[in-house]
Amino acid sequence: MNEAAANLSGFPKEYTFLLLGLGLGFFLGWLVARIGGPARSAAEENVAGTRVARDAQPVDVVVNGKMVRLPSDTAAEIRGLIRDGNPGGAVKRLREATGLRPAEAKAVIDSLARIGD
């Protein structure tokens with residue numbers, strides 16, 4: 001077999017396989033997106049691929065340009081207080097956990113209440 005027959009269209013054989021692999025990958029990705037992947041339930045997947053309940057995830061809060069990370073147990077407690085109809089208790093717990101001023105904590109709790117679960 002001569003060299004010209006091995007290089008179809010002037011591409012080396014390795015590039016041909018690379019392009020075929022990329023095309024097949026894009027096609028399979030499109031097909032999965034078109035058909036639909038696995039449905040997500042109330043639980044969400046974290047980076048490691050394990051399912052974690054939404055309440056068990058830490059929450060990042062940005063207030064007046066500063067970012068505060070709530071640990072997962074504190075975030076779950078605050079969401080529970082909001083769900084139980086106790087926004088005052090949620091504001092108090094958020095202030096204890098973060099040191100935010102009352103107006104800032106109330107704004108965060110109001111936002112979380114609007115978002116809902």
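## Some points on the overall build of the chain
Along the chain, the regular secondary structure elements total five helices and four strands. Taken across its 117 residues, the chain has 17% of its residues classed as buried. Expressed as a percentage of contacts within the chain between residues at least 6 apart in sequence, the contacts between residues at least 24 apart total 30%. Only carbon and sulfur atoms are counted for the fraction: they give 60% of the accessible area of the chain, which is about 8,700 Å².

## Considering the pairing of strand S4 (residues 66-70)
Note that strand S3 (residues 59-63) and S4 share five bridges and pair antiparallel. The partner of Val-63 across the bridge, within S4, is Lys-66. Hairpin remark: S3 followed by S4, antiparallel, with two residues in the connecting loop; positive phi at Asn-64, about 50 degrees.

## Structural notes on helix H2 (residues 13-35)
Counted at 1.5 Å a residue, the expected span for H2 with its 23 residues is 33 Å, and the 33 Å between its end C-alpha atoms agrees. Taken from the residues just after H2, Gly-36 is the one with a positive phi, measuring 110 degrees.

## A few points about the environment of Pro-58
Mapped onto the elements of the fold, Pro-58 is located in the loop between strand S2 (51-52) and S3. Along the sequence, Pro-58 and Arg-69 sit eleven residues apart, while their C-alpha atoms lie 6.9 Å from each other. Contacts of Pro-58, omitting those with residues within four sequence positions, involve Arg-69, Leu-70, Pro-71 and Ser-72.

## Re the packing of helix H4 (residues 87-98) against helix H5 (residues 102-115)
To describe two helices that pack against each other, one gives the angle between their axes and the distance between the axes. Remark: H4 packs on H5, axes separated minimally by 9 Å, with the N-to-C direction vectors making an angle of 120 degrees. One way to sum up the angle between H4 and H5 is to call them oblique. Here the hand of the crossing between H4 and H5 comes out right-handed. Across the interface between the two elements, Pro-87, Ala-90, Val-91, Leu-94 and Arg-95 from H4 touch Pro-102, Ala-105, Lys-106, Val-108 and Ile-109 from H5.

## Re the nonpolar core
Core analysis: the biggest nonpolar cluster contains 14 residues, and Val-61, Leu-70, Ile-78, Leu-94, Leu-100, Val-108 and Ile-109 have the highest contact counts within it. Of all the elements in the fold, those that place two or more residues in this core are S3, helix H3 (72-83), H4 and H5. Excluding its chain neighbours within four sequence positions, the residues that come into contact with Val-61 are Lys-66, Met-67, Val-68, Leu-70 and Val-108.

## Some remarks on the side chain of Glu-104
Within the secondary structure, Glu-104 sits in helix H5. Beyond its immediate chain neighbours, meaning those up to four positions away, Glu-104 contacts Val-63, Asn-64 and Lys-66.

## Comments concerning a nonpolar patch on the surface
Residues Tyr-15, Leu-18, Leu-19, Leu-22 and Phe-26 make up a contiguous nonpolar surface patch of about 570 Å² in total accessible area. The residue Phe-26 is located in helix H2 in this model.

## Examining the packing of H3 against H4
Where H3 meets H4, the axes come as close as 7 Å, and the angle between the chain directions of the two elements is 160 degrees. Relative to H4, H3 is oriented roughly antiparallel. With respect to the hand of their crossing, H3 and H4 are arranged in left-handed fashion. In contact with Thr-74, Glu-77, Ile-78, Leu-81 and Ile-82 of H3, H4 contributes Pro-87, Gly-89, Ala-90, Arg-93, Leu-94 and Ala-97. Residue composition of the contact of H3 with H4, grouped by class: seven nonpolar, two polar and two charged.

Definitions and cut-offs
Residues numbered from 1 in each chain as written. Predicted model: local features only at pLDDT ≥ 70, side-chain atom pairs only at ≥ 80, totals over all residues. Heavy atoms only, no water. Helix = DSSP H or I, 4+ residues; strand = E, 2+ residues; numbered from the N terminus. Buried < 20%, exposed > 50% of the residue type's maximum accessible area, 1.4 Å probe, protein only. Contact = heavy atoms within 4.5 Å. Areas by Shrake-Rupley, 256 points an atom, 1.4 Å probe, with all protein chains shown as cover. Pairing = 2+ DSSP bridges. Expected span 1.5 Å × (residues − 1). Axes fitted to C-alpha atoms, helices over the stretch in contact; angles between N-to-C directions. Parallel < 35°, antiparallel > 145°, perpendicular 65-115°, else oblique. Left-handed = near helix turned anticlockwise from the far one by under 90°. Core = buried A, V, L, I, M, F, W, Y, C linked by side-chain atoms within 4.5 Å. Patch = residues over 30% accessible without salt bridge, like charges linked within 9 Å, V, L, I, M, F, W, Y side chains within 5 Å. Salt bridge = Lys/Arg side-chain N within 4 Å of Asp/Glu carboxyl O. Nonpolar A, V, L, I, M, F, W, Y, C, P; charged D, E, K, R; others polar.

These results come straight from atomic positions and should not be treated as a statement about function.
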